[in-house]
Amino acid sequence: MTDLKLKVTMDLSVVLVVGSCFGLLGNGVQSDRDDEKLQSLPQDQPYRTGYHFQPPKNWMNDPNGPMYYKGVYHLFYQYNPYAAVWGNITWAHSISYDLVNWIHLDIALSPDDPFDINGCWSGSTTFLSGGKPIILYTGGVTMNRQVQNLAEPKNLSDPMLREWVKSSHNPVITHVDGMDSENFRDPTTAWQGPDGLRRVLVGNEMNSHGRALLYRSRDFVTWTQSKEPVHSSTRTGMWECPDFYPVSIDGKNGVDTSSLDKFRKHVLKASFNSSDHYVLGNYTAVTDNFSVDTDFLDNGSDLRYDYDNFYASKTFFDSAKKRRILWAWIQESDSTTDDVKKTGLVYSHFPRSILLSKTGKQLIQWPVEEIEKQRTVNVRFKNKELKGGSVLEISGITASQSDVEVSFNSSNLKEADLLDPSWVDPQLLCSQKTASVGGNIGPFGILVLASKDLTEQTSIFFRVFRSNEKYVVLMCSDQSRSSLEEGLKKTIYGAFIDIDPLNEMISLRSLIDHSIVESFGGEGRACITARVYPKLAIDNQAYLYAFNNSTFDVNISTLNAWSMKKAQIVSFTKRRKPHLN
Ligand code: DQQ
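Predicted model, so just to flag it, every value in this text is computed and none were measured.

Looking at the overall build of the protein
Move 1: Summing up its helical and strand segments, the protein has three helices and 38 strands in all.
Move 2: Out of the 581 residues in the protein, the part that is buried amounts to 60%.
Move 3: For the protein, restricting intrachain contacts to residue pairs at least 6 apart in sequence, the fraction spanning at least 24 positions comes to 64%.
Move 4: On the protein, roughly 22,600 Å² of surface is accessible, and the fraction owed to carbon and sulfur atoms is 50%.

Focus: the state of the cysteines
Move 1: Applying the stated criterion across every chain, the model contains one disulfide.
Move 2: Across a sulfur-sulfur distance of 2.1 Å, C430 and C476 are joined as a disulfide pair. Looking along the S-S bond of the C430-C476 disulfide, the torsion reads about -80°, which is the left-handed sense. Here the residue C430 occupies a position in helix 3 (residues 426–432), and C476 occupies one in strand 30 (residues 470–478), the gap between them amounting to 46 residues.

Section: the packing of aromatic side chains
Move 1: Per the stated rule, a full pass over the model turns up 31 aromatic pairs.
Move 2: Relative to Y77, the ring of F53 lies with its centre 5.3 Å away and its plane at 70°, an arrangement referred to as edge-to-face. Remark: Y77 occurs in strand 2 (residues 72–80) and F53 occurs in the loop between helix 1 (3–21) and strand 1 (59–69); sequence separation between them is 24 residues.
Move 3: The exposure class assigned to F53 is buried, which follows from its relative accessible area of 2%.
Move 4: Taken together, F53, Y77, Y79, W102 and W327 form an aromatic cluster joined through their ring pairs.
Move 5: Taking the ring centre of F572 as reference, the NZ or CZ of R162 above it sits at 4.7 Å.
Move 6: Note that K384 overlies the ring of F381, its terminal NZ or CZ placed 4.7 Å from the centroid.

Let's talk about the sheet that holds strand 24 (residues 375–386)
Move 1: If you trace the six strands from one edge of the open sheet to the other, you get 24-36-26-32-33-34, paired in antiparallel fashion. Only two strands of the sheet have a single partner each, and these edge strands are strand 24 and strand 34 (526–531). Neighbouring strand axes in the sheet, compared pairwise and without regard to direction, differ in orientation by 15° on average.
Move 2: Of the pairings in the sheet, the one linking strand 26 (residues 401–409) to strand 32 (residues 506–513) comprises eight bridges and is antiparallel in character. Bridge assignment links V406 to a residue of strand 32, and that residue is L508.

Describing the pairing of strand 30
Two faces belong to every sheet, and in a regular strand the side chains alternate between them.
Move 1: Across the nine residues of strand 30, eight count as buried, placing the element largely inside the fold.
Move 2: Between the antiparallel neighbours strand 29 (residues 458–467) and strand 30 lie two residues, among them N468 with a positive phi of about 50°.
Move 3: Relative to strand 31 (residues 492–497), strand 30 runs antiparallel, the two being bridged by six bridges. Bridge pairing in strand 31 links D478 to I492.

Structural notes on the pattern of salt bridges
Move 1: Under the counting rule described, the total for this entry stands at 31 salt bridges.
Move 2: Close ionic contact of R375 with E405 constitutes a salt bridge, the shortest N to O distance being 3.6 Å. On the criterion of sequence distance, the pair formed by R375 in strand 24 and E405 in strand 26 is long-range, its members being 30 residues apart.
Move 3: Relative accessible area serves as the criterion here: at 24%, E405 is assigned to the partly exposed category.

Looking at the nonpolar core
Move 1: Within the largest apolar cluster, 43 residues are counted, with the highest numbers of intra-cluster contacts made by F444, V464, M475, V517, L544 and I556.
Move 2: When near neighbours in sequence (up to four residues on either side) are disregarded, V517 contacts V448, L449, I460, S510, L511, I512, I528, T529, A530 and V532.
Move 3: Y77, W102, W327 and C527 belong to the second-largest nonpolar core, a separate cluster that totals 31 residues.

Observations concerning the site of the ligand
Move 1: Taken together, N61, D62, Q78, W86, W121, S122, R185, D186, E240, Y311, A312 and W329 make up all the residues around the ligand.
Move 2: One of the side-chain nitrogen or oxygen atoms of Q78 is found 2.7 Å away from an oxygen atom of the ligand.
Move 3: Protein contact buries 93% of the 310 Å² of open area that the ligand shows by itself.
Move 4: Residue assignment for the shell around the ligand shows that the elements contributing at least two residues are strand 1, strand 5 (119–127) and strand 19 (311–318).
Move 5: Residues belonging to the shell around the ligand are distributed by class as follows: five nonpolar, three polar and four charged.

Describing the confidence of the model for the protein
Move 1: Predicted confidence across the protein gives a mean pLDDT of 90, with 89% of residues reaching 70 or more.
Move 2: Considering only residues more than four positions removed or in separate chains, one finds that residues 1–43, a stretch of pLDDT under 50, has 76 contacts.

Quick look at the sheet that holds strand 17 (residues 275–284)
Move 1: Strand order in this open sheet of four strands is 15-16-17-18, and the pairing throughout is antiparallel. With one partner strand each, in any of the chains shown, strand 15 (240–248) and strand 18 (289–292) form the two edges of the open sheet. In this sheet, adjacent strand axes meet at a mean angle of 35° when their direction is disregarded.
Move 2: Across seven bridges, the pairing between strand 15 and strand 16 (residues 264–272) is antiparallel. For F244, the partnering residue across the bridge sits in strand 16 and is L268.

What about the layout of surface pockets?
Move 1: Taken as a whole, the second largest pocket holds about 380 Å³ of empty space.
Move 2: Along the wall of the second largest pocket there are 16 residues; nearest its centre are S357, K358, I364, E523 and R525.
Move 3: Per-class residue counts for the lining of the second largest pocket are four nonpolar, four polar and eight charged.
Move 4: Split by domain, the residues of the lining of the second largest pocket number at least three in each of domain 1 (12–228 + 237–249 + 257–367 + 567–574) and domain 2 (370–564).

What to know about the environment of N409
Move 1: Mapping N409 onto the fold places it in strand 26.
Move 2: Given the relative accessible area of 28%, N409 is considered partly exposed.
Move 3: C-alpha separation for the pair N409 and N555, spaced 146 residues apart in sequence, amounts to 5.3 Å.
Move 4: The contacts of N409, once residues within four sequence positions are left out, are M505, V554, N555 and S557.

Scoring rules and cut-offs
- Residues numbered from 1 in each chain as written.
- Predicted model: local features only at pLDDT ≥ 70, side-chain atom pairs only at ≥ 80, totals over all residues.
- Heavy atoms only, no water.
- Helix = DSSP H or I, 4+ residues; strand = E, 2+ residues; numbered from the N terminus.
- Buried < 20%, exposed > 50% of the residue type's maximum accessible area, 1.4 Å probe, protein only.
- Contact = heavy atoms within 4.5 Å.
- Areas by Shrake-Rupley, 256 points an atom, 1.4 Å probe, with all protein chains shown as cover.
- Disulfide = S-S within 2.5 Å.
- Phe/Tyr/Trp six-rings, centres within 6.5 Å; stacked < 30°, edge-to-face > 60°.
- Lys NZ or Arg CZ within 6 Å of the ring centre and 35° of its normal.
- Pairing = 2+ DSSP bridges.
- Axes fitted to C-alpha atoms, helices over the stretch in contact; angles between N-to-C directions.
- Salt bridge = Lys/Arg side-chain N within 4 Å of Asp/Glu carboxyl O.
- Core = buried A, V, L, I, M, F, W, Y, C linked by side-chain atoms within 4.5 Å.
- Near = heavy atom within 4 Å.
- Polar contact = N/O pair within 3.5 Å; in protein donor to acceptor, adjacent residues only side chain to side chain.
- Nonpolar A, V, L, I, M, F, W, Y, C, P; charged D, E, K, R; others polar.
- pLDDT = per-residue confidence, 0-100.
- 1 Å grid on protein atoms, 1.4 Å probe; cavity = no way out; pocket = protein on both sides within 12 Å on 5 of 7 lines; lining within 4 Å.
- Points joined across faces, edges and corners; volume = space filled by probe spheres on them.
- Domains from an automatic or database assignment.

Spelled out as structure tokens, the structure:
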């Protein structure tokens, strides 16, 4: 173990030991400062997650500036230290060794200067030559305008980077005449072109349409705007939190943001319409030209990271494991008043590694491998026939906090229903053909966070259709029966998924964590995250089932399910006593 690693490990152990001494194991949240209203959380909160990242208390939104520095993963995020609603936005800071267990540190950036007085909004980190990390973030200023600012670590030899100092040059990027300065935010990680200049994108709106402005700089302080945005679209509104990065065509490893490798494509992601949409294309570094393969919201192509609750994401290149990791924000899906009553907390997705698919037409995502060390009790079986109209309980694990992998196949594919050519909207199709609407091959899948009597259930399922001698697979996440509570958002989501059921299994993995269900269809080709609040199916009253509501039988080729350990999330701040959350 290197000295550095030893030092950080020791720091972590100190925190854990001190945390235990304070008797704060379990779900205890210590209310130890004079925060305003809404800060204290019910201790018996059934919706609090076990292994997803969560802030100490109060409100969080976008993940910001994730990075790997000197053996430590850093995550910053939009955070309100005073209340469980958006406001007073700071950059909170947490670190981890393994992307599972976390230590909350002191807030890195607070809105206390004229150039960020209305909030330290989203942004990114970049490594400058010599490996020094630097933050470029949006400052909310007076008159609802936004500017871009820099901050640097105070002590580079501290792998925790506990203190950050804002630049005396701030603001370093401001709007020019004619630009919408109220929608001018969320700078990307910078990349370096062959001319040595750094480039960043900033989200902006022009005539109510989204665009990504390009800026170049030699010293990271003086920035010049390029005449043309790197991309824009008249089909969308404002682009929040753009992200721009290369992906390798061989699909095995992630690549650094500045990579100019020949065998790459570029991804441009923009957050709009409550979703994270992306396009793939070819970026020429010499001219800064980006030509897209298919555009945002093109007919027949609506590429999204996730088809439900997933917003304002950000990726980073993990140089330790040569992978690109994706973080995003999971919102509550209820009214603000109820959100506050329920948890006063929002969460981040479990980090996903992200790669280009073999077809080169889409990205694939998969929970980072570190999650597997949270697995405990295992239930597994192979080759079990699921008769049409049957439900099978998967018992033996903690269904409310689990990781489930299952794959299906059917020997009756030729019986699949015909796909009507007018069925082009997968979400609409899932809403019309819910889990209770039988078809020939599908719906089949799993029922999660279900009550024993099945009155509550969140179903994640597939249907197979025939279309022009080919098969089309639909993946749905049906929350319409997820809770007996009235008035919750119980939308049904769906996506067509690029699986050929003649030649491969129809596979599903779901991370189930009390009120979050992250589902990955076809080994990560389509992802859907549900946020649900069951009344009955909580803790040990939550059950897991496989089901087949088709006319024809399907076969469970393999099923592997695990109970999951709780992640350790502790606070280690100057102002507060260390404690486990
Ligand atoms: N959240 C930030 C903005 C960003 C938005 C403010 C996206 O910078 O555009 O908290 O959720």
